[in-house]
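Inside the fold
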Amino acid sequence: RPTNTSLSELHLTGIPGLQHLHHWISIPFCVMYLITLAGNSTLLCVIKAEPSLHLPMFLFLSMLAVIDLVMSTSITPKMLGIFWFHFTATSLDACLTQMYFVHAFSVMESGVLVAMAFDRYMAICNPLRYLSILTSPIVAAIGLATLLRAMVFMSPLTFQIRHLPLCSPAVVDHSYCEHMAVLKLACGDAAFSNTYSLSVSTYVGSFDSLLIALSYAFILRAVLSLSSPQARKKAFSTCGSHICVMALFYIPGLLSMYMERYHQELPPHVQVLLADIYLLIPPAFNPLIYGIKTKQIRDGARRMISR
């Protein structure tokens, strides 16, 4: 039944076809969320408390921690409410707010990952000019640019879906208000929203990952020219772990979106789990990969604890 005023309440199914396993699935999801909260909050406290960490690399890391906290908190509590208490109902406005935050902060995370790759490139390939190029105003401007890019890209998407007529039954086959899943409820012409969403995701995913790949290619070239095997091993270890986290962010996100768009014959629960993984795993792993493996962070944490 079409309604020209959008439906006021939607119902999220969680993970379609795996409702009987929701309680079990909630355990790793809850653990990852707790790790995300603890890891990113600790990272922010250590960086704020230690003046020696007020460097571009750690300022970008702080941005990433804030983005991860917002992104995880915008989906996980609601998801756990569905898994544990069957709280499937959500108002349309709450759903659109969640959608905006999830997608906008994903775009922001991608931008900050590019900035961090550029930061590593400057530190390793051009160390003498590092601090003269990446000054505090430049770091702030990069942070603001990633925020504005996310807002410019995601606002038309949310505005468009807000003004589409939606049909009953208002059931979204997803564990959060993912754009493509909500768009399936549209009774009107959703071609613009579909094409725009796909174009933005493809542009952000491919353009940003290309810039990151280029940065790391230059870094690896510089690393291979190092004479010390120990220095090479350390640089390879750092770059390898960074690339793994970035792959976990980009690959499942783009896969889930393309499969949703082109109706590939994949079980719905696989598509939903892929979308969940790209929003839950990187925020939990980022503080471990970027923080604990960094000597300055470990030293800063020790000093903070001893104080």
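Residues numbered from 1 in each chain as written. Predicted model: local features only at pLDDT ≥ 70, side-chain atom pairs only at ≥ 80, totals over all residues. Heavy atoms only, no water.

- The name given to the protein in an unreviewed UniProt entry is Olfactory receptor, with the source organism recorded as Aramus guarauna.
- The UniProt entry for the protein carries this comment under Function (unreviewed entry): "Odorant receptor." (UniProt positions renumbered as here; feature names shortened; annotations may be inferred.)

1. Regarding the overall build of the protein
- When its secondary structure is counted, the protein shows 10 helices and 5 strands.
- Relative to the 2.2 N^0.38 estimate, which gives 19 Å for 307 residues, the radius of gyration of the protein is 21 Å and therefore close to what a compact globule would have.
- The C-alpha extent of the protein, read off along each of the three principal axes, is 70 × 40 × 35 Å.
- The 307 residues of the protein split such that 49% are buried.
- Put simply, 80% of the contacts in the protein that link residues at least 6 apart link residues at least 24 apart.
- When the accessible surface of the protein is totalled, it reaches about 14600 Å², and 71% of it is carbon and sulfur. (Helix = DSSP H or I, 4+ residues; strand = E, 2+ residues; numbered from the N terminus. Rg over C-alpha atoms; globule rule 2.2 N^0.38 Å. Buried < 20%, exposed > 50% of the residue type's maximum accessible area, 1.4 Å probe, protein only. Contact = heavy atoms within 4.5 Å. Areas by Shrake-Rupley, 256 points an atom, 1.4 Å probe, with all protein chains shown as cover.)

2. Observations concerning unusual backbone geometry
- A positive phi angle is found at His86, which is not glycine, with a value near 55°.
- Along the chain, His86 turns up in the loop between helix H2 (56–85) and strand S3 (89–91).

3. Quick word on the state of the cysteines
- A full pass over the atoms with the stated rule returns 1 disulfide.
- One disulfide in the model links Cys95 with Cys177; its S-S distance is 2.0 Å. As the torsion about the S-S bond is roughly -120°, the Cys95-Cys177 disulfide counts as left-handed. In this pair, Cys95 is assigned in helix H3 (residues 92–125) and Cys177 in the loop between strand S5 (171–172) and helix H6 (179–183), connecting sequence segments 82 residues apart. In terms of burial, Cys95 and Cys177 fall into one category: buried. (Disulfide = S-S within 2.5 Å.)

4. Brief notes about H3
- Its 34 residues give H3 an end-to-end C-alpha distance of 49 Å, which sits within 8% of 50 Å, the value for a rise of 1.5 Å per residue.
- The buried fraction of H3 amounts to 24 of the 34 residues, a majority that puts the element mostly inside the structure. (Expected span 1.5 Å × (residues − 1).)

5. Re the packing of aromatic side chains
- For the coordinates displayed, the defined rule picks out 10 aromatic pairs.
- Summarising the aromatic geometry, the rings of Phe29 and Phe83 are spaced 5.8 Å apart at their centres and angled 50° between planes, so their arrangement reads as tilted. Residue Phe29 is found in helix H1 (residues 22–49), and its partner Phe83 is found in helix H2; the two are separated by 54 residues along the sequence. A single burial state applies to Phe29 and to Phe83, both of which are buried.
- Each ring, one from Phe118 and one from Tyr121, has its centre 6.4 Å from the other, and the planes form 35°; the classification is tilted. Of this pair, Phe118 and Tyr121 both sit in helix H3, 3 residues apart, which is roughly one turn of the helix.
- Classification of Phe118 as partly exposed rests on a relative accessible area of 32%.
- Within the aromatic cluster, the residues linked to one another by ring pairs are Trp84, Phe85 and Phe87. (Phe/Tyr/Trp six-rings, centres within 6.5 Å; stacked < 30°, edge-to-face > 60°.)

6. Quick look at a nonpolar patch on the surface
- A surface patch of nonpolar side chains, amounting to about 740 Å² of accessible area, comprises Leu21, Trp24, Ile27, Val31, Ile35, Phe285, Leu288 and Ile292.
- By the secondary structure assignment, Leu288 is in helix H9 (residues 268–292).
- By relative accessible area, Leu288 is classed as partly exposed at 37%. (Patch = residues over 30% accessible without salt bridge, like charges linked within 9 Å, V, L, I, M, F, W, Y side chains within 5 Å. Salt bridge = Lys/Arg side-chain N within 4 Å of Asp/Glu carboxyl O.)

7. A word on the side chain of Asp119
- One can find Asp119 in helix H3.
- Owing to a relative accessible area of 2%, Asp119 belongs among the buried residues under this scheme.
- Separated by 2.5 Å, the side chains of Asp119 and Tyr130 make a polar contact.
- Sequence-distant contacts of Asp119, defined by excluding residues within four places in its chain, comprise Pro56, Met57, Phe60, Tyr130 and Leu134. (Polar contact = N/O pair within 3.5 Å; in protein donor to acceptor, adjacent residues only side chain to side chain.)

8. What to know about the packing of H1 against helix H10 (residues 295–306)
- Look at H1 against H10: their axes get within 9 Å of each other, and the N-to-C directions meet at 80°. When the axis of H1 is compared with that of H10, the two are roughly perpendicular. Contacts from Leu43, Cys45, Val46, Ile47 and Ala49 in H1 reach Ile297, Gly300, Ala301 and Met304 in H10.
- Here the residues of the contact of H1 with H10 sort into 8 nonpolar, 1 polar and no charged. (Axes fitted to C-alpha atoms, helices over the stretch in contact; angles between N-to-C directions. Parallel < 35°, antiparallel > 145°, perpendicular 65-115°, else oblique. Nonpolar A, V, L, I, M, F, W, Y, C, P; charged D, E, K, R; others polar.)

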